[in-house]
Amino acid sequence: MAREALAAASDRQAPGADASRSPELLKKFYRDMLLIRRFEEKAGQLYGMGLIGGFCHLYIGQEAVVVGMQAALRPDDQVITTYRDHGHMLACGMDPGGVMAELTGRYTGYSHGKGGSMHMFSREKNFYGGHGIVGANVPIGTGLAFANVYRKTDAVCLTYFGDGAANQGQVYESYNMAELWKLPVIYIVENNQYAMGTSVKRSSAETEFHKRGVGFNIPGAAVDGMDVEAVYKAGRDAVAWARAGKGPFILEMKTYRFRGHSMSDPAKYRTREEVQEIREKRDPIDTFGQRLIQNGIMRDEDVKTIDKDVRAIVNRASEFATDSPEPAPEELCTDILK
Amino acid sequence: MTQILMPALSPTMEEGKLAKWHVKEGDAVKAGQILAEIETDKATMEFESIDEGRIARILVAEGTEGVKVNVPIAELTQEGEEAKPAAARAAPEAAPAPAKANGAAPAPVQAPAAANLADPDLPAGTEFVNTTVRDALRDAMAEEMRRDPDVFLMGEEVAQYQGAYKISQGLLEEFGERRVIDTPITEQGFAGLGVGAAFGGLKPIVEFMTFNFAMQALDQIINSAAKTLYMSGGQMGCPIVFRGPNGPAARVAAQHSQDFSSWYAQVPGLKVVSPYFAADAKGLLKAAIRDPNPVIFLENEIVYGRSFPVPKLDDYVLPIGKSRIIRAGTHVTLVSHSIGVGLIMEAAEILARDGIEAELIDLRSLRPLDTATVIESVKRTNRVVTVEQGWPICSIGSEIASQVVEKAFDYLDAPPLKVTGKDVPMPYAANLEKLALPTVDEIVAAAKSVCYRA
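Since we're looking at a predicted model, the values are computed, not measured.

Q: Would you take a moment to explain the overall build of chain A for this structure?
A: The helix and strand inventory of chain A stands at 13 helices and seven strands. Against the 2.2 N^0.38 benchmark of 20 Å for 338 residues, chain A shows a C-alpha radius of gyration of 19 Å, consistent with a compact globule. When the backbone C-alpha atoms are referred to their principal axes, chain A occupies close to 55 × 55 × 40 Å. By the burial criterion, 58% of the 338 residues in chain A qualify as buried. Within chain A, residue pairs in contact and separated by at least 24 positions form 76% of the contacts whose partners lie at least 6 positions apart.

Q: Is there a simple way to think about the overall build of chain B in this case?
A: Tallying secondary structure elements over chain B gives 13 helices and 22 strands in all. For chain B, the C-alpha radius of gyration of 24 Å lies close to 22 Å, the compact-globule estimate for 454 residues. For chain B, the C-alpha atoms occupy an extent of roughly 80 × 60 × 50 Å along the three principal directions. Of all 454 residues assigned to chain B, the portion counted as buried reaches 56%. By sequence separation, contacts in chain B at least 24 residues apart represent 77% of the contacts at least 6 residues apart. Total accessible area on chain B stands at roughly 18,300 Å², and carbon and sulfur atoms take up 53% of it.

Q: In this structure, what is going on with the pattern of salt bridges? I would like to understand it.
A: Opposite charge on two side chains makes pairing possible when the charged atoms of those side chains draw close. Counted by the stated rule, this structure contains 47 salt bridges over all chains. In this structure, Asp-283 of chain A engages Arg-37 of chain A in a salt bridge whose closest nitrogen and oxygen atoms are separated by 2.9 Å. Here Asp-283 of chain A is found in the loop between helix H11 (272-282) and helix H12 (284-294), whereas its partner Arg-37 of chain A is found in helix H3 (residues 23-48), with 246 residues between them in sequence. Of the two residues, Asp-283 of chain A and Arg-37 of chain A, both sit in the buried class. Linking Arg-290 of chain B and Asp-315 of chain B is a salt bridge whose minimum nitrogen-to-oxygen distance equals 2.7 Å.

Q: What is the right way to read the packing of aromatic side chains from this model?
A: Centre distance and the angle of the planes are the two values used to describe a pair of aromatic rings. If you walk through the whole model with that rule in mind, you get 24 aromatic pairs over all chains. The interplanar angle of 45 degrees and the centroid separation of 6.4 Å between the aromatic rings of Phe-29 of chain A and Phe-288 of chain A together place this pair among those described as tilted. Of this pair, Phe-29 of chain A sits in helix H3 while Phe-288 of chain A sits in helix H12, and the two are 259 residues apart along the sequence. Seen from their ring centres, Tyr-165 of chain B and Tyr-304 of chain B are 6.0 Å apart, and the 45 degrees between their planes marks the pair as tilted. Separated by 139 residues along the polypeptide, Tyr-165 of chain B in the loop between strand E10 (151-155) and helix H3 (171-175) and Tyr-304 of chain B in the loop between strand E15 (295-299) and strand E16 (307-311) bring together distant segments of the chain. Neither residue differs from the other here; Tyr-165 of chain B and Tyr-304 of chain B are each classed as buried. Among the aromatic residues, those joined into a cluster by ring pairs are Phe-161, Tyr-172, Tyr-175, Tyr-187 and Phe-216 of chain A. Positioned over the ring face of Tyr-428 of chain B is Arg-251 of chain B, at 4.2 Å from the centre of the ring.

Q: Help me understand the interface of chain B and chain A in this model?
A: Taken residue by residue, the interface counts 45 residues in chain B and 37 residues in chain A. Approximately 3,500 Å² of surface area, both sides summed, lies buried where chain B meets chain A, with 62% of it carried by carbon and sulfur atoms. Among the residues chain B hides against chain A, the three largest losses belong to Leu-193, Tyr-230 and Met-231 of chain B. Together they make up 20% of the total. The tally of links between chain B and chain A comes to one salt bridge. When the shortest N-O distance is used, the salt bridge between Arg-151 of chain A and Asp-150 of chain B registers 3.4 Å.

Q: It is not clear to me how the sheet that holds strand E6 (residues 53-58) of chain B should be interpreted in this structure. Could you clarify?
A: Backbone-to-backbone hydrogen bonds join strands into a sheet, with any given pair of strands oriented parallel or antiparallel. Residue and element names in this part refer to chain B. Here we have four strands laid out as an open sheet, ordered E1-E8-E6-E3, and antiparallel in their pairing. Two strands close off the open sheet at either side, each with one partner strand: strand E1 (2-5) and strand E3 (28-29). Bridge count for E3 against E6 is two bridges, and the pairing is antiparallel. Directly across from Ala-28, in E6, lies its bridge partner Arg-54.

Q: How should I be thinking about the side chain of Gln-258 of chain B in this particular structure?
A: Residue and element names in this part refer to chain B. Position of Gln-258 among the secondary structure elements: in the loop between strand E13 (241-245) and helix H7 (261-265). Judged by relative accessible area, Gln-258 falls into the buried class, the value being 13%. Residues within four places of Gln-258 in sequence aside, it is in contact with Asn-212, Asn-246, Gly-247, Pro-248 and Trp-391.

Q: Help me understand the sheet that holds strand E6 (residues 220-224) of chain A, please; the structure alone is not making it clear to me.
A: All names here are of chain A. The parallel open sheet is built from five strands, whose spatial order is E1-E2-E3-E7-E6. The open sheet terminates on both sides in strands that have one partner only, identified here as strand E1 (78-80) and E6. Taking the axes of each pair of neighbouring strands and ignoring which way they run, one obtains an average angle of 20 degrees across the sheet. In terms of strand pairing, E1 meets strand E2 (residues 157-162) through three bridges, oriented parallel.

Q: Can you help me understand H3 of chain A in this one?
A: Side chains that are three or four residues apart share a direction in an α-helix, a result of its 3.6 residues per turn. Over its 26 residues, H3 of chain A extends 38 Å from the first C-alpha to the last, a length consistent with the 38 Å expected when each residue adds 1.5 Å. Directly beyond the C-terminal end of H3 of chain A, a positive phi value near 80 degrees is found at Gly-50 of chain A.

Q: When you look at helix H4 (residues 187-199) of chain B in this model, what are you seeing that I'm missing?
A: Taking 1.5 Å per residue as the helical rise, H4 of chain B with its 13 residues ought to reach 18 Å, and the 18 Å between its terminal C-alpha atoms agrees with that figure. Of all 13 residues in H4 of chain B, 13 are buried; the element is thus mostly enclosed.

Q: Even after reading the chapter, I still don't get the pairing of E10 of chain B, so can you show me in this structure?
A: Residues and elements named next belong to chain B. Of all the five residues making up E10, five are buried; the element is thus mostly covered by neighbouring parts of the structure. Taking every second residue as pointing to the same face, both faces of E10 are buried, with Val-151, Leu-153 and Gly-155 on one and Phe-152 and Met-154 on the other. With five bridges joining them, E10 and strand E12 (residues 203-207) adopt parallel strand pairing. Within E12, the position partnered with Gly-155 by the bridge is Glu-207. Where E10 meets strand E11 (residues 180-182), three bridges bridge the pair, whose relative direction is parallel.

Q: I'm lost on the pairing of E6 of chain A in this one. Help?
A: Along any regular strand, the residues point their side chains to alternate faces of the sheet. Residues and elements named next belong to chain A. Here E6 runs beside strand E7 (residues 249-254); their pairing, made up of five bridges, is parallel. Looking at E7, one finds that Val-223 is bridged to Met-253. In this fold, E6 hands off to helix H10 (residues 228-243), which returns the chain to E7; that crossover is right-handed.

Q: Got a minute to help me understand a nonpolar patch on the surface in this structure?
A: The grouping of Met-215, Trp-263 and Trp-391 of chain B at the surface amounts to a nonpolar patch, some 280 Å² of accessible area in total. For Trp-263 of chain B, the position within the fold is in helix H7.

Q: What is the right way to read the state of the cysteines from this model?
A: All names here are of chain A. What the rule picks out here adds up to zero disulfides over all chains. As a non-bridged cysteine, Cys-56 has Cys-92 as the owner of its nearest cysteine sulfur, 18 Å distant. Given the relative accessible area of 0%, Cys-56 is considered buried.

Q: What's the story with the nonpolar core in this structure? I'm lost.
A: The nonpolar side chains of soluble globular proteins are, as a tendency, buried together. Phe-208, Ile-221, Phe-242 and Tyr-264 of chain B are the most contacted members of the largest nonpolar core, which totals 73 residues. Ignoring anything within four residues of it in the chain, the contact list for Tyr-264 of chain B reads Phe-211, Ala-214, Leu-218, Ile-221, Ile-222, Leu-270, Val-272, Ile-296, Leu-298 and Arg-367 of chain B. Counting residues in hydrophobic clusters, the runner-up holds 70 residues, among them Phe-39, Leu-46, Val-228 and Val-239 of chain A.

Q: Help me understand the environment of Leu-360 of chain B, please; the structure alone is not making it clear to me.
A: Residue and element names in this part refer to chain B. Here Leu-360 lies in strand E19 (residues 358-362). Overall, Leu-360 belongs to the buried group, its relative accessible area being 2%. Sequence separation between Leu-360 and Ala-347 is 13 residues, and the spatial gap between their C-alpha atoms is 9.9 Å. When sequence neighbours within four positions are dropped, the list of residues in contact with Leu-360 reads Arg-324, Ile-325, Ile-326, Arg-327, Leu-334, Ile-344, Met-345 and Ala-348.

Scoring rules and cut-offs
- Residue positions are given per chain, counting from 1 as you read along its sequence in written order.
- Throughout, the order in which chains and ligands are written sets their labels, letters from A for the former and numbers from 1 for the latter.
- For a predicted model such as this one, the threshold for reporting local features is a pLDDT of at least 70, and the threshold for listing and counting side-chain atom pairs is 80 or more; totals across whole chains, interfaces and linings nevertheless cover every residue.
- Values reported for side chains reflect all heavy atoms of the structure, with hydrogen atoms and water molecules removed beforehand.
- What counts as a helix is a DSSP run of H or I of at least four residues, what counts as a strand is a run of E of at least two, and both are numbered from the N terminus.
- What the globule rule says is 2.2 Å times the number of residues to the power 0.38, and the radius of gyration is computed from C-alpha atoms.
- Residue burial is assigned from relative accessible area. The probe radius is 1.4 Å, only protein chains are included, and a residue is buried under 20% of its type maximum, exposed over 50%, and partly exposed in between.
- The contact rule is simple, with two residues in contact once any of their heavy atoms fall within 4.5 Å.
- Note on areas: Shrake-Rupley with a 1.4 Å probe; residue coverage comes only from the protein chains shown.
- By definition, a salt bridge exists where a carboxyl oxygen of Asp or Glu is found within 4 Å of a side-chain nitrogen of Lys or Arg.
- Note on aromatic contacts: the rings of Phe and Tyr and the six-membered ring of Trp form a pair at centre separations within 6.5 Å, being stacked when their planes are under 30 degrees apart, edge-to-face when over 60 apart, and tilted otherwise.
- Note on geometry: a ring has a charge over it if NZ (lysine) or CZ (arginine) is within 6 Å of the ring centre and within 35 degrees of the ring normal.
- By definition, the buried area sums, over both parts, the 1.4 Å-probe accessible area that each loses when the two are put together.
- Strands pair, by our definition, only if DSSP identifies at least two bridges between them.
- Between the N-to-C directions of two axes lies an angle of 0 to 180 degrees, each axis being a line fitted to C-alpha atoms and, for a helix, fitted only over the stretch in contact.
- To estimate how far a helix should extend, the number of its residues minus one is multiplied by 1.5 Å.
- If the strands point away from the viewer and the path from the first strand over the helix to the second runs clockwise, then the crossover is right-handed.
- Only residues above 30% relative accessible area that lack a salt bridge enter a patch, with like-charged residues linked at up to 9 Å and the nonpolar side chains Val, Leu, Ile, Met, Phe, Trp and Tyr linked at up to 5 Å.
- Here, two cysteine sulfur atoms that lie within 2.5 Å of each other are counted as a disulfide.
- Take the buried residues of types Ala, Val, Leu, Ile, Met, Phe, Trp, Tyr and Cys, join any two whose side-chain atoms come within 4.5 Å, and each joined set is a nonpolar core.

So, to be careful, I would describe these as geometric facts and stop short of saying anything about function.
What follows is the structure in structure tokens.
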């Protein structure tokens, strides 16, 4: 049954799919991915300057995943992820200034400086974090989907996690309950091939993460996570499946992170050549930009204009963050209980 | 002649009701045949014969309540014995008559008259109804579920089975399977799912069959439920209750028998409640369900069946974080919570006979911990003994002792003493288990010691 559903889901062509991929939407994809890229580069720079501390996990290389998925959502759908979360927040429409201010530990940050890189939330944008414990967000996302069913809405919850988290037991506890109760949750495994320094092959008995739902009758599909249009199409199918009350769906995004696991990762577990080759051939932003130019959807001037706009946004975010005050000492003891 | 004895059908059962006989005198029975139905405080169980034979006499009539475990309830004659005339049976020592079994039934444990349970905020003339802690907890959940459609209960065996300890009895029938949800055995998963539902605006009550199994879910309780309000700068919040039996049970050994009070009491972002009396169980559980924060609600399996007066009010809600002086005294302050309150009440009666008047404080909540009431009491009595079932190191008593020493040092006439569970995993053997638990004798000895009385 799972196999059939899997095949049906991946073969299904949403009616009017092409029409919905308007030039405006495709240009927005490009711009949104670029915003995440430039934002993360700036975050890396600020980390190097000592303005961002602790753990800082950059999303560079994986931008197509969140941008494509977000386009498949309605505003009332929810998003939750683990700690490599800056891209998800920007894709959800959270303010880059508020995110950067949180990264720099300022009061104007989304968590008033008390959460940091791994712990940010926006009820307004239906972004439920930002969770630092690998895999712990998966039952929580399942619970958000449970609340949708309880409330009789047809909202769905996107629950992102990595190939590392995919080996946590609570992921499978969640799969079981989600299928048992037909909860509208899309599990998105961002397979960037390395759980910190351990490659998928060294950590996973079944490396095809989209098949990991078979034991629970949850359909899944593998997606080229470096191709924003492929992500968008798969995302729309999966969201339609969950929204129709058919239960959870697993999307495995084959992607790659260009930077280390965190800022302090020397990345000795993979070769420089491996990284270089993927950056040159599969960069989700460059390849997509070239495609849009070839197809006449963007011109070189558009690329320049978008890049200029995005750099301006990121610079403003950075200035806002570094100009903002740190939280007052009294903030130490607030927000512990309601 | 074989005597058939009243069986123990749960780890904590001491007596039960002989609800129904499936055989009558003279019937032949086979091994494995159902003889009777026996009602414990948790369930009605079928009771099978171990031997083959013929029922010679039924000693306890059906419908008899309070039949003690190990009392003979019937006699079985085996092959070869059958010819003996009934008159030849010389077994005067056997078996009390049904009426005696009934009469011998002890009354359910009551709050001694000495306990001052009157709540100053109760309207004058409030009627009290004797209620088990079990029913008080159920009533609290039912009332809150009637009041707020966002409140739901989930956990293992809470719905169709009516609760492993029968706390959720009748809730499935009243509220349906949308709001009373049986989960798979998957503590980390359903605790996390509950947290997500709370983030999504619902108010889950998550039942752990016992808090021993909450260990599997500890990350979700501490890292997700307790900390997210802080980590989100006040945006999120997690209105959830994690509840279930905590503390040593009876004869279930180390993994199923321990007190987690001080573990949870240490965590900022949680509230922790651990009542003893039925009224507090009801009023505090209602408060916990309404609280916008994650609340750990620690119950006690052995206390579930005890009855105490509960005020008959439409909406009895108590504040979390307030202890109560349940007995005034001038010579020594005894502080405890949960089942330990029963122990200090017994100790106080013994001490009174020796002229030592103990002031008793039931903490009720462990976070916030109402140390102010303890300190004020110590300023009057100048002596304090803490009592708990948890381990001694970094215990609730350790915290109270530290605060008393810090804030009432000049009032102390003796060092604070702790009576706790012993610093060992819980043993299985009955004698060792007894040694591992705090006893009334130890409390009496500690109280006398701080009073410098032998």
